[in-house]
Each structure stands twice: as structure tokens, then as C-alpha cells.
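# Chains, contacts and geometry: an overview
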Amino acid sequence: MAIFRAQEVRQLSDIELLEQEQKLSLELIQERGKVGAGGATEDPGRIREIRRTIARIKTEQNARRRSA
């Protein structure tokens, strides 16, 4: 799953934002499951990047709701 920057997030449609948020949330659950089971993730910074990308998406969704 790709990590989006703020400018990339702004270019996505509302439906694409929702889809990406769902995919990233699922990936975050999987990564946290690996860590919770005592395993190590392949990329330790991945969880942080996923969380930040989800936050960017939610911020853009809220901004669009307020302006509509």
C-alpha cells in the first residue's frame, strides 16, 4: 500500500479517500497483529507512516465536509 503525502491526498476523490482509508486501516491492524504476536515487522517505521497517512486522509475528509 502506498503512503500518500498531503498534496497527493488532496487530489483524490471522496470515494478514493474512503477506499484508501479502509485499506490502510486493515494494513495497520495486520501490522499491529504481527507485533502483538511477538513477531517483528519488516519495516519498523511502517506503522507510524500508516498512522500518519490515515490522519492525512481524515483531515482532508473533514476539510471537505466543512467546506461543503
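Preceding block: the structure.
Residues numbered from 1 in each chain as written. Predicted model: local features only at pLDDT ≥ 70, side-chain atom pairs only at ≥ 80, totals over all residues. Heavy atoms only, no water.

This paragraph deals with helix 3 (residues 46–67). With 22 residues, helix 3 should reach 32 Å at 1.5 Å per residue; the first-to-last C-alpha distance of 32 Å fits that figure. The set of residues buried in helix 3 consists of R46, I47, I50, T53, I54, I57, E60 and Q61. Looking straight down helix 3, one finds that the buried residues subtend no more than 155° of arc, so they occupy a single side. For helix 3, the exposed residues set more than 90 degrees away from the buried face come down to T59, R66 and S67. Where helix 3 is buried, its residues meet helix 1 (6–11) and helix 2 (14–36). (Helix = DSSP H or I, 4+ residues; strand = E, 2+ residues; numbered from the N terminus. Expected span 1.5 Å × (residues − 1). Buried < 20%, exposed > 50% of the residue type's maximum accessible area, 1.4 Å probe, protein only. Arc of directions from axis to C-beta. Contact = heavy atoms within 4.5 Å.)

Here the focus is the packing of helix 2 against helix 3. Direction vectors running N to C along helix 2 and helix 3 enclose 155°, while the axes themselves pass 9 Å from each other. Regarding the angle of helix 2 to helix 3, the classification is roughly antiparallel. As helix 2 packs across helix 3, the resulting crossing turns out to be left-handed. Seen from helix 2, the contacting residues are D14, L17, L18, Q20, E21, L24, S25, E27, L28, E31, R32 and V35; seen from helix 3, they are R46, I47, I50, R51, T53, I54, I57, K58, E60, Q61 and R64. For the contact of helix 2 with helix 3, the class distribution of residues is nine nonpolar, four polar and 10 charged. (Axes fitted to C-alpha atoms, helices over the stretch in contact; angles between N-to-C directions. Parallel < 35°, antiparallel > 145°, perpendicular 65-115°, else oblique. Left-handed = near helix turned anticlockwise from the far one by under 90°. Nonpolar A, V, L, I, M, F, W, Y, C, P; charged D, E, K, R; others polar.)

A word on the environment of R46. By the secondary structure assignment, R46 is in helix 3. It is 8.7 Å that separates the C-alpha atoms of R46 and L28, two residues lying 18 residues apart in sequence. A polar atom in the side chain of R46 sits 2.7 Å from the side chain of E27. (Polar contact = N/O pair within 3.5 Å; in protein donor to acceptor, adjacent residues only side chain to side chain.)

The biggest cluster of nonpolar side chains holds 10 residues, and these are F4, V9, L12, L17, L24, L28, I47, I50, I54 and I57. For this core, the elements supplying multiple residues, two or more each, are helix 2 and helix 3. Ranked by the residues each element gives to this core, the list is headed by helix 3, at four residues. Apart from residues lying up to four places away in sequence, F4 is in contact with V9, Q20, T53 and R56. (Core = buried A, V, L, I, M, F, W, Y, C linked by side-chain atoms within 4.5 Å.)

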